[in-house]
Amino acid sequence: MQPVTGFSKLSKSQKIDWLVSNHLNDDATAKQTLTQYWNEDQKLQDLHDGFSENTVTNYYFPFGLAPNFLIDGDLITIPMAIEESSVVAAASKAAKFWLDRGGFKTQIKGTKKVGQVHLMYHGLSSEMDAFYAFAKAELLQSLEQINASMKKRGGGIQSLELVNKTKSLDGYYQLHATFETKDAMGANFINTTLEQLANTLRLKASEFKGFSSDAPEVIMSILSNYVPECVVNVSVSCKIDEIGTINGVTGAEFATKFVRAVDIATVEPFRAVTHNKGIMNGIDAVVIATGNDFRAVEAGVHAYASRDGQYRSLTRARIENDTFIFEADFPLALGTVGGLTSLHPLSKLALQILDNPNAEDLMKITAVAGLAQNFAALHSLVTTGIQAGHMKMHLANMLEQIGANDTEKESLRKEYSDKTPSFSSLRESLDLLRK
Ligand SMILES: CC(C)(COP(=O)([O-])OP(=O)([O-])OC[C@H]1O[C@@H](n2cnc3c(N)ncnc32)[C@H](O)[C@@H]1OP(=O)([O-])[O-])[C@@H](O)C(=O)NCCC(=O)NCCSC(=O)C[C@@](C)(O)CC(=O)[O-]
Ligand SMILES: NC(=O)C1=CN([C@@H]2O[C@H](COP(=O)(O)OP(=O)(O)OC[C@H]3O[C@@H](n4cnc5c(N)ncnc54)[C@H](O)[C@@H]3O)[C@@H](O)[C@H]2O)C=CC1
């Protein structure tokens, strides 16, 4: 196969033809698989084609609902876009559990975001300090137009400082800025602002006479997806005797084991990664359903989980005066305007289902989904084990994969209603059925 030039300029059909002949042995069914996912509504299809480059088809993701979330006194149904079985069921089960026990409480701890202009200067650091004192007012002034609308909304650039990072990397400085971006995730606003700062910095550097070395060089200007000051706290709590008996485990035993499980994820990175993956099952599903940037959230969350130098659990649990308390702080830079949020009809609908939240409310709801998911996973892990519930949900996929027809599915579902399936046990059962 030869490299292709001008692939981006081909039409969608030409791209598919190229793909099928170069990678799929001219398989006609492959072409049909791609085209059958096109939407019949051409306008809607064009919208989706426009979201990303070199699009050849749509990729369906299940869009589900987890009802019964009592959040700060309001009853909320959370939309979740996720491919993994048992996540929506787990969220729904956790919602139901806490519905009768006071629900979820949330609090925004901050909404500040960060962006940096990264610079190199190899002269004296005192010269950089003098330059910054010379340039700072104009650096800020040059942002007035870009900042005007965001300022009207109560946001915009909040602070700007020169940071000397030469101890970490020879010649390295930053303009470190903080931002309030209100209901937008803010990436484009922050990046535009930073690029203006960089331009003004270059201009002011050309006017400054105090450099003994070449003027500072701008390496790059970009927001940070590490948002330790854009954080929401979420918690649940109840008296231990309100927990009740769970699969033969008393409330007190459950609470103690649960706290131990969180303690283990706090000190043991191998466990912490899986523990936090379970949390992200919930967070990502809401982030995706609402058209937010899940890579940004993932990167920020995992960096936050390592903020003291070791990767740890994002959740905390304790028993205090016969009360079981489970909580977390999640760094979540989310938007309810901008990006795909109002462009993708299903994201727009997801936000409508949530009663058109502002960014802070969406942070709260998303954090609840994360805590609920972790609660459900640990609830299973310290009682029945994870496989019973997970495989019960996964059964449908397994039945599909072994090629069972509708009648066979029905009888296998009955047979496996109280036991954990595996592919081999299911195949054996299917063979028996077919004899
Ligand atoms: C799976 C369940 C919920 C079963 O739990 P169950 O007790 O067998 O469920 P149930 O049939 O008794 O139903 C109770 C409620 O659960 C929900 N529910 C129950 N079934 C459904 C369904 N089909 N569709 C939608 N919702 C469902 C629903 O709210 C339902 O109430 P109802 O609607 O009847 O009033 C439970 O075992 C559970 O929560 N397990 C945890 C599952 C989980 O965490 N899955 C994620 C995949 S594993 C993973 O990726 C992460 C992990 C686990 O490794 C993280 C870690 O290690 O920490
Ligand atoms: N590292 C990263 O995370 C990067 C992410 N991105 C992408 O950037 C996009 C998000 O950028 P945004 O600037 O949020 O979106 P955007 O570029 O669509 O801008 C949102 C705009 O909406 C306007 N707006 C209207 N009402 C507002 C309100 N109430 N509050 C705040 N703004 C309001 C503002 O002008 C704001 O700048 C995402 O698609 C993300 O994937 C882009 C570059 C880098």
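Up top is the structure.
So, a few notes on the structure that sits alongside this text. Note that the structure is predicted; figures quoted are calculated from it, not measured.

## Section: the overall build of the protein chain
Item 1. Helix and strand counts for the protein chain stand at 16 helices and 10 strands.
Item 2. C-alpha extents for the protein chain along the principal axes are approximately 90 × 70 × 40 Å.
Item 3. When burial is assessed residue by residue, the protein chain has 34% of its 435 residues classed as buried.
Item 4. Look at the contacts in the protein chain between residues 6 or more apart in sequence, and 73% of them connect residues 24 or more apart.

## Points about the sheet that holds strand β6 (residues 172-180)
Item 1. An order of β5-β6-β4-β7 is seen for the 4 strands of this open sheet, with the pairing classed as antiparallel. Of all strands in the sheet, those bounded by a partner on one side alone are β5 (156-164) and β7 (217-224). Each neighbouring strand pair of the sheet contributes to a mean axis angle of 15°, computed without reference to strand direction.
Item 2. Relative to β7, strand β4 (residues 113-120) runs antiparallel, the two being bridged by 7 bridges. When the sheet's bridge partners are listed, His118 is paired in β7 with Met220.
Item 3. The sheet contacts of helix α7 (residues 187-207) involve β4, β5, β6 and β7, and relative to β7 the element is tilted by about 160°.

## Focus: helix α10 (residues 269-289)
Item 1. Here α10 contains 21 residues, and its C-alpha end-to-end distance of 29 Å stays within 8% of the 30 Å for a straight helix at 1.5 Å per residue.
Item 2. In the structure, α10 departs most strongly from a straight axis at Met280, where the bend amounts to approximately 30°.
Item 3. With 15 of 21 residues buried, α10 lies mostly within the body of the structure.
Item 4. Phi for Gly291, located one or two positions after α10, is positive at around 75°.

## Quick notes on the site of ligand 2
Item 1. For ligand 2, the set of nearby residues contains 20 residues, the closest of which are Lys182, Ala187, Asn188, Gly338 and Gly339.
Item 2. With 4 residues, the top contributor of residues to the shell around ligand 2 is α7.
Item 3. Broken down by class, the residue content of the shell around ligand 2 amounts to 7 nonpolar, 9 polar and 4 charged.

## With respect to unusual backbone geometry
Item 1. In the Ramachandran plot, Asn247 falls in the positive-phi region, its phi being about 45° despite a non-glycine side chain.
Item 2. By secondary structure assignment, the location of Asn247 is in the loop between α8 (240-243) and α9 (251-267).
Item 3. For Asn247, a count of 12 C-beta atoms within 10 Å translates into the label exposed.
Item 4. Look at Asn321: it is not a glycine, yet its phi comes out positive at around 50°.
Item 5. Relative to the assigned elements, Asn321 resides in the loop between β9 (315-320) and β10 (323-331).
Item 6. On the neighbour-count criterion, Asn321 (7 C-beta atoms within 10 Å) is exposed.

## Structural notes on the site of ligand 1
Item 1. Surveying the vicinity of ligand 1 reveals 23 residues, the closest of which are Ala90, Ser92, Lys93, Gly278 and Gly389.
Item 2. Mapped onto the shell around ligand 1, the elements with two or more residues apiece are α4 (87-99), α10, α13 (359-381) and α14 (386-401).
Item 3. Of the residues belonging to the shell around ligand 1, the class tally is 9 nonpolar, 9 polar and 5 charged.
Item 4. In terms of domain composition, the shell around ligand 1 takes at least three residues from each of domain 2 (65-110 + 228-384) and domain 4 (390-434).

## Focus on the sheet that holds strand β3 (residues 105-111)
Item 1. Here we have 4 strands laid out as an open sheet, ordered β3-β8-β10-β9, and antiparallel in their pairing. The open sheet has two edge strands with one neighbour each: β3 and β9. Averaged over all adjacent pairs, the angle separating strand axes in this sheet is 15°, with direction ignored.
Item 2. Direction of pairing for strand β8 (residues 230-239) relative to β10: antiparallel, over a ladder of 9 bridges. The residue bridging Asn233 from the neighbouring strand is Asp329, located in β10.

## Focus on the environment of Ala396
Item 1. With respect to the helices and strands, Ala396 occurs in helix α14.
Item 2. C-alpha separation for the pair Ala396 and Gln14, spaced 382 residues apart in sequence, amounts to 37 Å.

## Here's the deal with the nonpolar core
Item 1. Within the largest apolar cluster, 96 residues are counted, with the highest numbers of intra-cluster contacts made by Met80, Ala91, Val368, Ala369 and Leu371.
Item 2. For this core, the element with the most residues is α13, which contributes 13 residues.
Item 3. No fewer than three residues from each of domain 2 (65-110 + 228-384) and domain 3 (113-224) sit in this core.
Item 4. When near neighbours in sequence (up to four residues on either side) are disregarded, Ala91 contacts Ala66, Ile78, Met80, Gly282, Ala369, Ala372, Gln373 and Ala376.

Thresholds, definitions, all that
- Residues numbered from 1 in each chain as written.
- Chains lettered and ligands numbered in written order.
- Predicted model: local features only at pLDDT ≥ 70, side-chain atom pairs only at ≥ 80, totals over all residues.
- Helix = DSSP H or I, 4+ residues; strand = E, 2+ residues; numbered from the N terminus.
- Buried ≥ 20, exposed ≤ 12 C-beta atoms within 10 Å, placed from the backbone.
- Contact = placed C-beta atoms within 7 Å.
- Pairing = 2+ DSSP bridges.
- Axes fitted to C-alpha atoms, helices over the stretch in contact; angles between N-to-C directions.
- Expected span 1.5 Å × (residues − 1).
- Bend = angle between axes of the 7 residues up to and from the residue.
- Near = placed C-beta within 6 Å.
- Nonpolar A, V, L, I, M, F, W, Y, C, P; charged D, E, K, R; others polar.
- Domains from an automatic or database assignment.
- Core = buried A, V, L, I, M, F, W, Y, C linked by C-beta atoms within 7 Å.

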